[in-house]
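A closer look at the structure
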Amino acid sequence: MKLLETGPSPRGWHRIQTMLQCPQKYAYTYETEGGREKTTSPPLIKGTLMHLALAHHYMRQKNEANGGDPKEWLPPKQAVEMMAIKEGGEWEEHINTVNDCYDAYVAYWVHDAFKVLEVEQLAYAKIGPYALTGRFDLVMEDSRGGVWVVDHKTTTRIHANQRKFYSISGQLIGYAHMARQHYGARFKGVLLNQIQHKAPCKFTRIELPPAPNLIKKFPRIIIDAEERIAHLQKTRKPNDYPLAANELTCFHRYGACKFLERCKWGYKKS
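Read on for a plain summary of the structure. (Residues numbered from 1 in each chain as written. Predicted model: local features only at pLDDT ≥ 70, side-chain atom pairs only at ≥ 80, totals over all residues. Heavy atoms only, no water.)

Structural notes on the pairing of strand β2 (residues 130-141)
Most of β2 is tucked away: ten of the twelve residues are buried. As judged from the eleven bridges shared by strand β1 (residues 115-127) and β2, these two strands associate in the antiparallel manner. Bridging across to β2, V119 finds its partner in L138. Taken together, β1 and the strand that follows it, β2, pair antiparallel across an intervening segment of two residues, in which G128 is found at a positive phi of about 60°. What sits between β2 and strand β3 (residues 147-155) in their antiparallel hairpin is a turn of five residues, with G145 showing a positive phi close to 90°. (Buried < 20%, exposed > 50% of the residue type's maximum accessible area, 1.4 Å probe, protein only. Helix = DSSP H or I, 4+ residues; strand = E, 2+ residues; numbered from the N terminus. Pairing = 2+ DSSP bridges.)

So, the sheet that holds strand β4 (residues 187-196)
The strand order across the open sheet formed by five strands is β1-β2-β3-β4-β5, and the pairing between neighbours is mixed. On the outer flanks of this sheet lie β1 and β5 (202-207), each paired with one strand and no other. The average angle at which neighbouring strand axes cross in this sheet is 35°, direction not considered. Bridging between β2 and β3 involves four bridges; their strand directions are antiparallel. Looking at β3, one finds that M140 is bridged to W148. In the packing of helix α3 (residues 42-65) onto the sheet, contacts are made with β1, β2, β3, β4 and β5, and the angle to β1 comes to roughly 115°. Taken strand by strand, helix α5 (residues 95-108) contacts β4 and β5, and its axis lies near 60° from that of β5. (Axes fitted to C-alpha atoms, helices over the stretch in contact; angles between N-to-C directions. Contact = heavy atoms within 4.5 Å.)

A short note on the packing of aromatic side chains
In the structure shown here, the tally under the stated rule is nine aromatic pairs. Pairing Y108 with W109 gives two aromatic rings, centres 5.0 Å apart and planes at 80°, and the pair type is edge-to-face. Y108 sits in the partly exposed class, given a relative accessible area of 49%. Looking at K2, its charged tip hangs above the ring of W73, at a distance of 4.4 Å from the centre. (Phe/Tyr/Trp six-rings, centres within 6.5 Å; stacked < 30°, edge-to-face > 60°. Lys NZ or Arg CZ within 6 Å of the ring centre and 35° of its normal.)

All quantities given are derived from atomic positions and should not be read as evidence of function.
Rendered as C-alpha cells:
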C-alpha cells in the first residue's frame, strides 16, 4: 500500500505570496541553501497530518467508486502514523489528536453524497509568460454535475471571521482561476472544508465569498510579483533583497518569521 505525497506544487501561490510579504524572506526561502526547513509549528504539523488523512480517505473512496482497489493506498490513520514517525520529534505528539479528529470527521460527514473526481490534483494556468500551479486538495461533483474545488482548512477554533479572512486569499482565488480554465461552466466555486481539531471537534463547509475585483486583478498580481522576482534576481544578491521591516509582517499568527534574527543581525552562512 502506498503513501500519498501532499507537498506544495512547483510554482504555487506560496512562492508569490512570500515575495509580496517580504522580498528578503523570498530570497532566504527560495534562493539560498537551507531556506526551507523542517516544520516544527504544532498548528502546521496538525494541518499537514489532517490533510494527509483526508487525502487517503478520499483517494480510497475514489478508487472504490471507480471499480479500483481502495487498498492501493494506506488507511488514513496508518498514513498519519507513518508520516509522523518518519518526520519524528514533535510530529509524533500529534498522532492521536489528528486521528481522533479524523474519526469525528468521517462520522460527521457520513451521509456525503458527492462524487470524488480528483484528490491532490496538480493544476496549472498560464498567466502572461508565467506559469502558476496549485494542488487541489479535493475536487468533487455535486448531484447536478457541478464541480467544486474543496480546500481543507484546519484550525484550533472555527469562527465567523474566517469567511472574510479567506475571501481575500490569493491561493484560493488562484484555485478558482485555474479551476475555471480547466472545468469551464461546470465549475461552481471553491468550498472551504473547515476542521476544528481541538476537542470538541467541529466541521463546516462554506463557499468562498465573492471578491470580483481581486479575481479581475489576479493575473496582474501574479505578473507584478514575477517581474519583481526577475528584476531582483538580476540586480541583487540573495542576502540583499528589500526587507519588509514591519511588525505586522515579521510576526504572523504562528509567531515570528523564521528569518527574524537573520534580518536583525545580518546574514551568516552556516
